[in-house]
Amino acid sequence: MIETINNFVSRFETSINLDENSLLKKQNRLFLVDENLKRLASKDFFYAGTCLGKTEDGEFFPSFSLLRMIAERKANKVVVDEKTEWLFICGRDIFKQGVIRLQGSRRKGDYTLVLNRRRECLGFGKILFDLSGEREGAVISNIFDLGDFLRRER
Amino acid sequence: MMPGREFFTRRYETMGWNYKNVEPRQAIRVNLINTGKATDIVRRLLSLGIQLEKIPFLENGYWICKSKFSVGSTTEYLLGLYSIQEAAAQIPATLFAETEDKTVLDACAAPGGKTVQLADLMQNTGAIVALDVKRQRLVALSNQLERCCVKNAVVYLLDARNASRLNLGFDYALLDMPCSGNFTMDKNWFNRRTIEDVERNAALQREILTEAVKVVRDGGEIVYSTCSLEPEEDEFNIDWAVRNLGLSVEEVNCYGQEGLTEVFDKRLDNSIKNCRRIWPRQTQGFFVCKLRRSRTND
């Protein structure tokens, strides 16, 4: 599973160092824990430390904690304006005019984190068209956004 | 008047409080670990049109005065910069002494408001072992932990009455008990509740208290709270714990009136006055106290 995470993170053109000894797996979910928590987490635990994500049908779904960890690094990122921030959290794709800053890849198919003006991570998406060019309509598709915290409890 | 309402409100009068229908004000608590300074988040929310008022008896609590939209759907909420938490419910976690690097049991943790608050007070150090008895509630708890960037919690699907099965020792235990609740949070409360419910809950609470004493280290602290106004779940249980579990009631400096030491012709241990009883006004009804496990318990 650590390889799955590394592969996912590399799609943002960055990497994170995860110590295998600090990871706990519970069914399809992976958690990052310190020594103290590891001692307290017996095999029956439900959740521990920082959830990094889960796999379903071979596909990896990151947690927000993992996205925040990636956001602390030099990685593919776009900064969006307030209106786009709200639309993105509501599950919408991103239009070119809503992007106010770009860092890292502009290539079609790459993943990019989506940040607000305060550089807070709102989620991530996939670049639909080369971001260097002029384009009408959506340029980044929404894959995962903060609004998921509301949607998952419905 | 429904018979249930009359029965319970008469009891409140006997305890010195005249029943008034009250709607508690909505409140938030700033998660300092994610924001740095409470004033920053107050300013941010004000810029969105959310007016806050500082809750005088809480360090990081604010009442919502005015908001055009739900405070549970802002970016700031989703980023874990604050939690929605009723004002009185923000008190229990603040009663522990030093919390950093401690090992804390949160025995009835879901949906996780107090677990997140503990993590905030502990600055994500030490460890919280959070239990709840319903899987679905653990999902909600886990979501809260992820949203609020809590890193120091381990969660178990476990009845608090079986906490000793984990074979762990704790510095502190937070027992935010399953209880009968009160009329401010449930419009049908008086129709729904009977004294038998209250007694059943009180018995369950005594079982959880007994288990907590087994897992808290000598000299450790137990914070007990309910949102019940019924003395069977509050003062009577603490009096029972003092007499049967060797716990002492510590003085606390927090909002609320002294616990009752004479209720329904029963004379309780004088230390029960160290408890805090909160009659509904701007908050819901609440009861809280801090207990210490003596060093002589086995």
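Calculation rules
- Residues numbered from 1 in each chain as written.
- Chains lettered and ligands numbered in written order.
- Predicted model: local features only at pLDDT ≥ 70, side-chain atom pairs only at ≥ 80, totals over all residues.
- Helix = DSSP H or I, 4+ residues; strand = E, 2+ residues; numbered from the N terminus.
- Buried ≥ 20, exposed ≤ 12 C-beta atoms within 10 Å, placed from the backbone.
- Contact = placed C-beta atoms within 7 Å.
- Domains from an automatic or database assignment.
- Nonpolar A, V, L, I, M, F, W, Y, C, P; charged D, E, K, R; others polar.
- Pairing = 2+ DSSP bridges.
- Core = buried A, V, L, I, M, F, W, Y, C linked by C-beta atoms within 7 Å.
- Axes fitted to C-alpha atoms, helices over the stretch in contact; angles between N-to-C directions.

1. Describing the overall build of chain B
Per the secondary structure count, chain B includes 9 helices and 15 strands. Once the C-alpha set of chain B is aligned to its principal axes, its extents read approximately 55 × 50 × 35 Å. Burial statistics for chain B: of 298 residues in total, 52% are counted as buried. Sequence separation of 24 or more characterises 74% of the internal contacts of chain B that already satisfy a separation of 6 or more.

2. Re the domain arrangement of chain B
All names here are of chain B. Taken domain by domain, chain B holds domain 1 (25–85) and domain 2 (87–293). Measuring from the centre of the C-alpha atoms in domain 1 to the corresponding centre in domain 2 gives 24 Å. The interface is formed by 16 residues belonging to domain 1 together with 15 residues belonging to domain 2. Those elements that provide at least two residues to the side of domain 1 that touches domain 2 are β1 (27–30), α2 (32–35) and β3 (61–66). Take the side of domain 1 that touches domain 2: its biggest share by element is 3 residues, from α2. Split into classes, the residues belonging to the side of domain 1 that touches domain 2 amount to 8 nonpolar, 6 polar and 2 charged.

3. Let's talk about the domain arrangement of chain A
All names here are of chain A. According to the domain assignment, chain A consists of domain 1 (2–70) and domain 2 (76–151). Computed from C-alpha atoms alone, the centre-to-centre distance between domain 1 and domain 2 is 24 Å. Counting residues at the interface gives 7 residues for domain 1, matched by 10 residues for domain 2. Broken down by element, the residue count for the side of domain 1 that touches domain 2 peaks at 3 residues, all from helix α3 (residues 64–71).

4. What about the interface of chain A and chain B?
By a frequent convention, interface size equals the accessible area lost on bringing the separate parts together. Each side of the interface is counted separately: chain A has 26 residues, and chain B has 22 residues. Mapped by element, the contributors of at least two residues to the side of chain A that touches chain B are α2 (35–40), β3 (47–48), β4 (50–56), α3, α4 (82–89) and α5 (148–151) of chain A. No other element matches α2(A), which puts 3 residues into the side of chain A that touches chain B. Split by residue class, the side of chain A that touches chain B holds 13 nonpolar, 8 polar and 5 charged. Sheet topology places β3(A) next to strand β7 (residues 153–157) of chain B; 2 bridges connect them, and they run antiparallel. Bridge pairing links A:Ala48 to B:Val154 in β7(B).

5. Some remarks on unusual backbone geometry
Residues and elements named next belong to chain B. At the junction of Ala110 and Pro111, the peptide bond is cis and its omega measures out at 5° in the coordinates. At Gln123, a position not held by glycine, the phi torsion is positive, near 50°. Take Gln123: it is sitting in the loop between α5 (113–121) and β6 (127–132). Gln123 sits in the partly exposed class, given 13 other C-beta atoms within 10 Å.

6. Remarks on the nonpolar core
Core analysis: the biggest nonpolar cluster contains 127 residues, and B:Ala107, B:Val154, B:Ala173, B:Leu175 and B:Ala212 have the highest contact counts within it. Ignoring anything within four residues of it in the chain, the contact list for B:Ala107 reads B:Leu131, B:Ala160, B:Ala163, B:Ala173, B:Leu174, B:Leu175, B:Ile208 and B:Ala212.

7. Section: the environment of B:Glu207
Looking at the element boundaries, B:Glu207 is found in helix α8 (residues 195–215). Of the residues examined, B:Glu207 has 13 C-beta atoms within 10 Å and is grouped as partly exposed.

8. Let's talk about the environment of B:Asp106
One can find B:Asp106 in strand β5 (residues 103–106). Each C-alpha atom of the pair B:Asp106 and B:Tyr172 lies 8.6 Å from the other, and the pair is 66 residues apart in sequence.

9. Here we look at the sheet that holds strand β7 (residues 94–95) of chain A
Residue and element names in this part refer to chain A. What the 6 strands build is an open sheet, ordered β7-β11-β10-β9-β6-β8; its pairing is mixed. The sheet is open, and its two borders are formed by β7 and β8 (99–103), each paired with just one other strand. Strand direction decides the pairing type here: strand β9 (residues 111–115) and strand β10 (residues 121–127), joined by 5 bridges, are antiparallel. Paired with Leu113 across the two strands is Phe124, which belongs to β10. The strands that α3 touches are β9 and β10; relative to β10, the one it contacts most, it runs at about 80°. Against the sheet, α4 touches β6 (77–80), β7, β9, β10 and β11 (138–145), its axis set at about 80° to β10.

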